[in-house]
Amino acid sequence: MIPPETMNAVVLTGHGGLDKLEWRQDVAVPHPAAGEVLIRVGASAVNNTDINTRTGWYSKAVRGDTNSAASTGYDGASDADGAWSGALDFPRIQGADCCGEIVAVGIGVDEARVGERVLVCPMYRPAEGDADALVTFGSERDGGFAEYATVGSEHAFRVESSLSDVELASFPCAFSTAEGMIQRAALGAERVLITGASGGVGSAAVQLAKRRGAHVTAVTSPTKTEALTALGADAALTRDFTPEPDGFDVVLDLVGGTSWPRLLDALRPRGRYVTSGAIAGPIVELDLRTLYLKDLTLIGSTRQKPSVFADLVSYIERGEIRPVVAETYPLHELRNAQTAFLQKSHLGKIGIAIAE
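Here is what the cut-offs are and how they apply
- Residues numbered from 1 in each chain as written.
- Predicted model: local features only at pLDDT ≥ 70, side-chain atom pairs only at ≥ 80, totals over all residues.
- Heavy atoms only, no water.
- Pairing = 2+ DSSP bridges.
- Helix = DSSP H or I, 4+ residues; strand = E, 2+ residues; numbered from the N terminus.
- Contact = heavy atoms within 4.5 Å.
- Polar contact = N/O pair within 3.5 Å; in protein donor to acceptor, adjacent residues only side chain to side chain.
- Core = buried A, V, L, I, M, F, W, Y, C linked by side-chain atoms within 4.5 Å.
- Buried < 20%, exposed > 50% of the residue type's maximum accessible area, 1.4 Å probe, protein only.
- Patch = residues over 30% accessible without salt bridge, like charges linked within 9 Å, V, L, I, M, F, W, Y side chains within 5 Å.
- Areas by Shrake-Rupley, 256 points an atom, 1.4 Å probe, with all protein chains shown as cover.
- Salt bridge = Lys/Arg side-chain N within 4 Å of Asp/Glu carboxyl O.
- Axes fitted to C-alpha atoms, helices over the stretch in contact; angles between N-to-C directions.

**Describing the pairing of strand β5 (residues 117-120)**
Then, number 1: The pairing of strand β4 (residues 99-105) with β5 spans three bridges and is antiparallel. Bridging across to β5, Cys99 finds its partner in Leu119.

This is the structure:
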């Protein structure tokens, strides 16, 4: 097929409230550069990182939780560090998740790739430059909240699956984040505590931890316990739980906030704590005596080995994990989808259907 000259997209015009998301029907369709592919996007999904970037929550000037100003943006947030990796170029098409079909290729890419159904790896190292630098699809480059998107050919992974585009689009960001945490912790058949377990990353972590033979305890609301048990959780605790001392080998934390010290209390000696989020707030109190007397290991998890996403695609193709999609919205209703996401009444992901 010959791509059109313009496309529908939701464009982020700056840090702030939902009004910064503009529905456009005249955005130029990108052309794949050398080594890139052009994808006709079938579906995307909503993630915390999309909202956090829009609001400027990553700015060091912001000390509150991720929901407190998610509709209006954060006063005082600095453009210089408002995105997770620093300053962001506007306008930007967000959307870290992407499932679609390759419809054109740039110079140096095998034309046989045209027609492949693919998932885009949402985070990767740039081909040149700082070895510690990262590119996030929908942040450092335009992402999946549009009818077409480009990405380096090596970051578009062919996927063979009977799942729908919306179901497949629920995997990339959340599941790769969770798998990255699990691999960093080297989780085995151990006892693991997962906070924020009803969210996209948390519910993914439940499935992925269970896949490794772990005994999974999910921290969630009572209304979501049954659904998380169906995903593989062996036990559940409410958010105001009193930790069993030395009860867990690993904590996978996505919440942070004022209750954070309890998570270290819950770890056994030589336990491992891994974080990749702070939805209840980024500022926590650490008792260094707990850290050193228990010989704990604290791990931040953002950067992933390239093999993490390849592993994830293999789990999908073998049917070892399943999508959890609570609702689906068309792209032009992205503001409504983010509003529903912020209510936190759902389990798993909120999908965005691009092709209508």
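**Digging into the environment of Ser161**
Then, number 1: With respect to the helices and strands, the residue Ser161 is situated in the loop between β9 (156-158) and α2 (165-169).
Then, number 2: For the pair Ser161 and Ile316, spaced 155 residues apart in sequence, the C-alpha separation works out to 7.5 Å.
Then, number 3: Discounting residues that sit within four places of it in the chain, Ser161 has contacts with Arg117, Leu168 and Ile316.
Then, number 4: A polar atom in the side chain of Ser161 sits 3.0 Å from the backbone nitrogen of Leu163.

**Some thoughts on the nonpolar core**
Then, number 1: Core analysis: the biggest nonpolar cluster contains 46 residues, and Val192, Ile194, Leu252 and Ile316 have the highest contact counts within it.
Then, number 2: Elements that contribute at least two residues to this core include exactly α2, α3 (172-185), β10 (191-194), α4 (200-211), β11 (215-219), α5 (225-231), β13 (248-253) and α8 (307-317).
Then, number 3: Formed by 45 residues, the second largest nonpolar core is a distinct cluster that contains Leu21, Ile51, Val151 and Leu334.

**Regarding a nonpolar patch on the surface**
Then, number 1: Residues Leu286, Leu288, Tyr292, Leu293 and Leu298 make up a contiguous nonpolar surface patch of roughly 510 Å² in combined accessible area.
Then, number 2: With three residues, the single largest contributor to the nonpolar patch is helix α7 (residues 288-293).
Then, number 3: Mapped onto the fold, Leu298 is located in strand β15 (residues 297-300).
Then, number 4: According to the relative accessible area criterion, Leu298 is partly exposed, its value standing at 37%.

**What to know about the sheet that holds strand β12 (residues 235-237)**
Then, number 1: With respect to topology, six strands assemble into an open sheet ordered β12-β11-β10-β13-β14-β15, the strand pairing being parallel. The open sheet has two edge strands, β12 and β15, and neither has a second partner. With strand direction ignored, the average angle separating the axes of adjacent strands in the sheet is 20 degrees.
Then, number 2: In the sheet, β10 pairs with β13 via three bridges, with the strands oriented parallel. Paired with Leu193 across the two strands is Val251, which belongs to β13.
Then, number 3: Packed on one face of the sheet, α4 meets β10, β11 and β13 and runs near 170 degrees to β10.

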